[in-house]
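Overview (structure and organization)
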Protein chains: 2
Amino acid sequence: MTRTLIKETPEKIGEEVLLRGWINRCRDHGKIIFVDLRDRTGIIQVVGGQELKDLRPEWVAEIKGQVNLRPEKMINPDLPTGKVELELKEIKILAKAEPLPFDIGTEDLNLELPTLLDFRGLTLRHPKVKAIFKVQEEIIDSFCRTLKSQGFTEFQAPTIVPTATEGGSEIFPIKYFGKTAYLGQSPQLYKQIMVGVYERVFSVARAYRAEPSVTTRHLCEYISLDAEMGFIESYEEIMETVESVFKNFFIDLKEKCPDELALFKTSLPKVGEKIPRIKMREAQEIIFQRTGRDNRREPDLMPDDEKEICKWAEEERGSELVFVTHFPTKKRPFYTYPDPEDPDYTLSFDLIGKGLEWVTGGQRINDPEKLKENIISRGNRLEDFKLYLQAFDYGMPPEGGFALGAERITMMLLGLSNVRQASLFPRDMERIDFRLSDLKEKKPAKQ
Amino acid sequence: MTRTLIKETPEKIGEEVLLRGWINRCRDHGKIIFVDLRDRTGIIQVVGGQELKDLRPEWVAEIKGQVNLRPEKMINPDLPTGKVELELKEIKILAKAEPLPFDIGTEDLNLELPTLLDFRGLTLRHPKVKAIFKVQEEIIDSFCRTLKSQGFTEFQAPTIVPTATEGGSEIFPIKYFGKTAYLGQSPQLYKQIMVGVYERVFSVARAYRAEPSVTTRHLCEYISLDAEMGFIESYEEIMETVESVFKNFFIDLKEKCPDELALFKTSLPKVGEKIPRIKMREAQEIIFQRTGRDNRREPDLMPDDEKEICKWAEEERGSELVFVTHFPTKKRPFYTYPDPEDPDYTLSFDLIGKGLEWVTGGQRINDPEKLKENIISRGNRLEDFKLYLQAFDYGMPPEGGFALGAERITMMLLGLSNVRQASLFPRDMERIDFRLSDLKEKKPAKQ
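All figures in this text were calculated on a predicted structure; none of them were measured in a lab.

1. Structural notes on the sheet that holds strand β21 (residues 434-435) of chain A
Residues and elements named next belong to chain A. Strand order in this open sheet of 3 strands is β19-β20-β21, and the pairing throughout is antiparallel. Single-partner strands in this sheet number two, and they are β19 (427-428) and β21. In this sheet, β21 lies alongside strand β20 (residues 431-432) in antiparallel orientation, the contact comprising 2 bridges. If you follow Arg431 over to β21, its bridge partner there is Arg435.

In structure tokens form, the structure reads like this:
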């Protein structure tokens, strides 16, 4: 007898089926015992007698039984299988489970973050936690599909890098055969090299930041969705691409994850016909006009400014996302393209929503001599950029790109309060799987 | 005027178009000069006069011209655009290039591996090198599609791990906020945890091996295609899944990468109706019968045995791939499921082809008590497996899985001689982008 998946049971009324899954909940009514069985496709109510008495949540079982229509008043309209139940014929326990430290059969888990993560092997099974990573899977998939449909090639970015090119303090050193290597802070340099190969490229890359602080927004290891495109006529083309990526996020999530989205009390952002674009200095002026707060000479948007410009975009342009462009040259990386009309500012942008940066991007300098000048003037060494500069020395078209963190986008779209909730196994200063303070140093191999 | 892609030119005969790309080759015939222009979609011949005289390979240009049919005897049947050429009207140089260190316009590059890698920013542009990574992109995509169609969920495996669980010598240590963390040798433990969440999971993961040797088969950083599935009835189901993955590789590559495959003098392996399955001890017996070489008491297949069993599979079963099963318990990791009929052997397998291991997999132990016994008896500490064991303590179905290295599969399918050719930016003992011996230590920040 082959296994039936739980979502298929409503089409098998009157038939005998074999199900496999985890015990989700048990309700002992004396002679009749109800248990909910959960598999990857859904949950079904199983009705039986004393054979079900010893079952406990998270035990793994194989159950044979007959699919019956439930009595009218027992129908559960909230469950896709709410019209049916399984009448138990035979049960086999495949694996037992320890008593649970907390109930995971509730609608919300209501755990403090450290507990949620201390028990990650269990809490990931909660429907609302599982849903986060189904949404994340779809965000990443949608990003890849949108770009492939526009002629982009996917590449695999390396994570071990030879030098600390973006400054030393926020980078993890690796012991590498008696030398020091590092974990890359972004696939930036590699994706630019790859423009020379395939013109348009993207990568689902890993990036690492050794930020010695614990905030709700930063992870030490994260998934960077990176894209780069050559032969652009203007940095505006890059924003067009970002916009298409986000519009497809919303279409794809609505189509493929409606049940997952419904679990969260949030709606996808409105963006209207076109996401508004505004220069940073104009944004500061608008904020000054609206609030009297004068940050017009600040080199970047302050956190309150990011919130205010989002409010403005929503109220005045009907969009919950807004592109802010032309950040000062000094505040952007060495490869950022200066605005020819005002070289103190760059052809760069951030996509901002709900008061936070969602995407960062811009046009890059493709002239190798200017790149070399900038590397040196910022105190770096040309030899550390050898392979990168080579790609420009051998002919690089005008190009640019953008990057977004998969965990941050997941957090923002689902309205989560901490980015760690959007990382399966978040790494931070205090935790890698378990609390680092709990970790005993291993004794040396020789005793 | 919007850009036309080169592959579109045969449909635009008589029209004026704007092309952008790299100068691939120049042929100066005195008054008439021919240059080949290359973009991501193809190559076209441009015909012009002295305006083309100064062009050099890899310069980046924007060219306006008229698409003309070539005279009959000038048609190049090997080129998709071989029937047309572009009559130059106007050219704009977008970027110049240094003189090339070698000709990249030849059919083969014929460079020694160190040179190929020293100039990676340039050599990746060669059609035959580019093709390797188009094939790799399709291998990874095909892997993902096959598994998604079978109900698998994709997850993002972390790369920083808290402890050196698989022994210390081949693992890279990371300085992690005053403590030591490590680069994961495989996503094994995480994919098993994820079976408790989604039953069937896969990951395009990064894995790291600090092998202090330079072979043609090993990389320090590689792409591990990992899958794991719960509720299996037997380890044979896992081999079925592997088989479906490979059959789809062949179908998808033939359909989507015919031009890329044609560049390599290799054909995809024949596998017939079903890939043969044979126990390791039976394989050794067959090898003894065929060659007189008696390795029947060896705990593993020797390299020559792997070659011989592939020969046998091809000659006797018409398959260039073969599953060898039931490796000895002592030679496999602690989580490998022992054969209940003979616990000295395991329900594990390797998929072998062309004398090399392509895939490794098997059923896993899902009883947490047995896992704990094995961890301890192999000299490891339970606390290092805390999160992993938690997933089993809270109910894990019978499960198993498999893994393959994307670079190795690319190498085998294209008949490359060194796995580094199948890694965009290969990392080994001697190289991260450039030769580590060339790397000067950075001066400390304080001078």
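Back to the text.
2. Focus on the domain arrangement of chain A
Its domain assignment divides chain A into domain 1 (6-95) and domain 2 (117-269 + 354-436). The gap between the C-alpha centroids of domain 1 of chain A and domain 2 of chain A is 43 Å.

3. Here we look at helix α7 (residues 280-291) of chain B
Residue and element names in this part refer to chain B. Taking 1.5 Å of rise per residue, 12 residues should cover 16 Å, and α7 covers 16 Å from first to last C-alpha, within 8% of that figure. Three or more residues of α7 are buried, namely Met280, Ala283, Gln284, Ile286 and Ile287. Burial along α7 is one-sided: seen end-on, the buried residues are contained in an arc of 160 degrees. As for α7, its buried residues are in contact with β12 (277-279), α8 (303-317) and β13 (321-325). A positive backbone phi angle near 80 degrees is found at Gly292, which sits one or two residues after α7.

4. Digging into the interface of chain B and chain A
With 107 residues of chain B at the contact, the number on the chain A side is 107 residues. Summing the contributions of chain B and of chain A, the shared interface buries around 9300 Å²; its carbon and sulfur component is 58%. In this assembly, chain B and chain A are joined by 12 salt bridges. Counting across the interface, chain B meets chain A through 55 residue pairs in polar contact (both at pLDDT 80 or more). Of the residues contributing to the side of chain B that touches chain A, the split by class is 56 nonpolar, 13 polar and 38 charged.

5. Remarks on the pattern of salt bridges
Inspection of every chain in the model, using the stated rule, returns 89 salt bridges over all chains. Of the charged contacts, one joins Arg3 of chain A and Asp39 of chain A as a salt bridge, the two residues approaching to 3.8 Å between their closest N and O atoms. Taken together, the residues Arg3 of chain A in the segment before β1 (16-29) and Asp39 of chain A in strand β2 (residues 32-39) connect sequence positions 36 residues apart. Of the two residues, Arg3 of chain A and Asp39 of chain A, both sit in the buried class. Note that Asp118 of chain A and Arg435 of chain A form a salt bridge whose closest N and O atoms lie 2.5 Å from each other. Of the two residues, Asp118 of chain A sits in helix α1 (residues 113-118) while Arg435 of chain A sits in strand β21, which places them 317 residues apart along the sequence. Look at Arg435 of chain A and you get partly exposed, because its relative accessible area is 32%. Because the salt bridges share partners, they merge into one network encompassing Lys134, Glu137, Glu138, Asp141, Arg145 and Asp252 of chain A together with Lys148 and Glu154 of chain B.

6. Quick word on the packing of aromatic side chains
Residues and elements named next belong to chain A. Counted according to the given criterion, the structure contains 32 aromatic pairs over all chains. Judged by centre distance (5.1 Å) and plane angle (75 degrees), the rings of Phe334 and Tyr335 are edge-to-face. In this pair, the class of Phe334 matches that of Tyr335, namely buried. Stacked on the ring of Phe264, the Lys or Arg Lys128 has its end atom at 5.3 Å from the ring centre.

7. Let's talk about unusual backbone geometry
Excluding glycine, residues mostly have negative phi values, and the peptide bonds linking residues are mostly trans. The phi dihedral of Asn110 of chain A is positive, around 50 degrees, even though this residue is not glycine. Tracing the chain through its elements places Asn110 of chain A in the loop between β5 (84-95) and α1.

8. Observations concerning the environment of Glu237 of chain B
Residues and elements named next belong to chain B. Mapped onto the secondary structure, Glu237 falls in helix α5 (residues 236-256). Judged by its relative accessible area of 25%, Glu237 falls in the partly exposed class. Expressed as a C-alpha distance, the spacing of Glu237 and Ala262, which sit 25 residues apart in the sequence, is 34 Å.

9. Considering the side chain of Asp252 of chain A
Note on placement: Asp252 of chain A falls in helix α5 (residues 236-256). Sequence-distant contacts of Asp252 of chain A, that is, excluding residues within four places in its chain, are made with Glu138, Ser142, Arg145 and Cys257 of chain A.

10. A word on the relation of the copies chain B and chain A
When chain B is fitted onto chain A, the two copies agree to an RMSD of 0.0 Å after a turn of 180 degrees and an axial shift of 0.0 Å. On the angle and the small slide along the axis, the relation comes out as a two-fold axis. Taking C-alpha positions as the reference, the residue of chain B nearest the rotation axis is Ile174 of chain B, at 2.2 Å. When you check the interface residues of chain B against chain A, 100% turn up at the interface there too, and the contact is symmetric in its surfaces.

11. Here we look at the packing of helix α7 (residues 280-291) of chain A against helix α8 (residues 303-317) of chain A
All names here are of chain A. At a minimum axis separation of 10 Å, α7 and α8 run at an interaxial angle of 85 degrees. It follows from the interaxial angle that α7 and α8 lie roughly perpendicular. Contact residues: Ala283, Ile286, Ile287, Arg290 and Thr291 in α7; Asp305, Glu308, Ile309, Lys311, Trp312, Glu315 and Glu316 in α8. Residues belonging to the contact of α7 with α8 are distributed by class as follows: 5 nonpolar, 1 polar and 6 charged.

12. A word on the sheet that holds strand β17 (residues 356-364) of chain B
Residues and elements named next belong to chain B. In space, the 8 strands of this open sheet follow the order β6-β10-β11-β18-β17-β16-β13-β12, with mixed pairing throughout. Pairing within the sheet leaves two strands with one partner each, and these edge strands are β6 (153-154) and β12. In terms of strand pairing, strand β11 (residues 221-230) meets strand β18 (residues 399-405) through 7 bridges, oriented antiparallel. When the sheet's bridge partners are listed, Asp226 is paired in β18 with Ala403.

13. Quick notes on helix α4 (residues 188-198) of chain B
Residue and element names in this part refer to chain B. Most of α4 sits out of view: 11 of its 11 residues are buried. When α4 is considered as a whole, its buried residues turn out to be Gln188, Leu189, Tyr190, Lys191, Gln192, Ile193, Met194, Val195, Gly196, Val197 and Tyr198. Phi turns positive one or two residues past the end of α4, at Glu199, with a value near 70 degrees.

14. So, the pairing of strand β16 (residues 348-353) of chain B
Residues and elements named next belong to chain B. Most of β16 sits inside the fold, with 6 of its 6 residues counted as buried. Both faces of β16 are covered, namely the face carrying Ser348, Asp350 and Ile352 and the face carrying Phe349, Leu351 and Gly353. Two strands pair when backbone bridges link them, and β13 and β16 are joined in this way by 5 bridges, in the antiparallel orientation. When the bridges of β16 are listed, Val322 appears paired with Ile352. Relative to β17, β16 runs antiparallel, the two sharing 6 bridges. Residue pairing in the sheet places Asp350 in a bridge with Thr360 of β17. Counting the residues that bridge the hairpin from β16 to β17 gives 2 residues, and of these Lys354 lies at a positive phi of roughly 50 degrees.

15. Observations regarding the state of the cysteines
Scanning the model with the defined rule gives 0 disulfides over all chains in all. In this structure Cys144 of chain A is not part of a disulfide, and its nearest cysteine sulfur, from Cys144 of chain B, lies 8.6 Å away. The exposure class assigned to Cys144 of chain A is buried, which follows from its relative accessible area of 12%. In this structure Cys257 of chain B is a free cysteine whose sulfur lies 14 Å from that of Cys144 of chain B, the closest cysteine sulfur available.

16. What to know about the pairing of strand β15 (residues 342-346) of chain B
Residues and elements named next belong to chain B. With 2 bridges joining them, strand β14 (residues 338-339) and β15 adopt antiparallel strand pairing. Bridge pairing in β15 places Pro338 opposite Thr346. Linking β14 to β15, which pair antiparallel, is a turn of 2 residues.

17. Thoughts on the environment of Arg381 of chain A
All names here are of chain A. For Arg381, the location among the structural elements is in the loop between α9 (368-377) and α10 (386-393). Among the residues examined, Arg381 registers a relative accessible area of 18% and is labelled buried. In this structure, the C-alpha to C-alpha distance between Arg381 and Leu253, residues 128 residues apart in sequence, is 45 Å. At 2.9 Å, the side chain of Arg381 and the side chain of Asp384 are in polar contact.

What counts, and where the lines are drawn
Residues numbered from 1 in each chain as written. Chains lettered and ligands numbered in written order. Predicted model: local features only at pLDDT ≥ 70, side-chain atom pairs only at ≥ 80, totals over all residues. Heavy atoms only, no water. Pairing = 2+ DSSP bridges. Helix = DSSP H or I, 4+ residues; strand = E, 2+ residues; numbered from the N terminus. Domains from an automatic or database assignment. Expected span 1.5 Å × (residues − 1). Buried < 20%, exposed > 50% of the residue type's maximum accessible area, 1.4 Å probe, protein only. Arc of directions from axis to C-beta. Contact = heavy atoms within 4.5 Å. Buried area = accessible area lost by both parts, 1.4 Å probe. Salt bridge = Lys/Arg side-chain N within 4 Å of Asp/Glu carboxyl O. Polar contact = N/O pair within 3.5 Å; in protein donor to acceptor, adjacent residues only side chain to side chain. Nonpolar A, V, L, I, M, F, W, Y, C, P; charged D, E, K, R; others polar. Phe/Tyr/Trp six-rings, centres within 6.5 Å; stacked < 30°, edge-to-face > 60°. Lys NZ or Arg CZ within 6 Å of the ring centre and 35° of its normal. Least-squares fit on C-alpha atoms with pLDDT ≥ 70 in both. Axes fitted to C-alpha atoms, helices over the stretch in contact; angles between N-to-C directions. Parallel < 35°, antiparallel > 145°, perpendicular 65-115°, else oblique. Disulfide = S-S within 2.5 Å.

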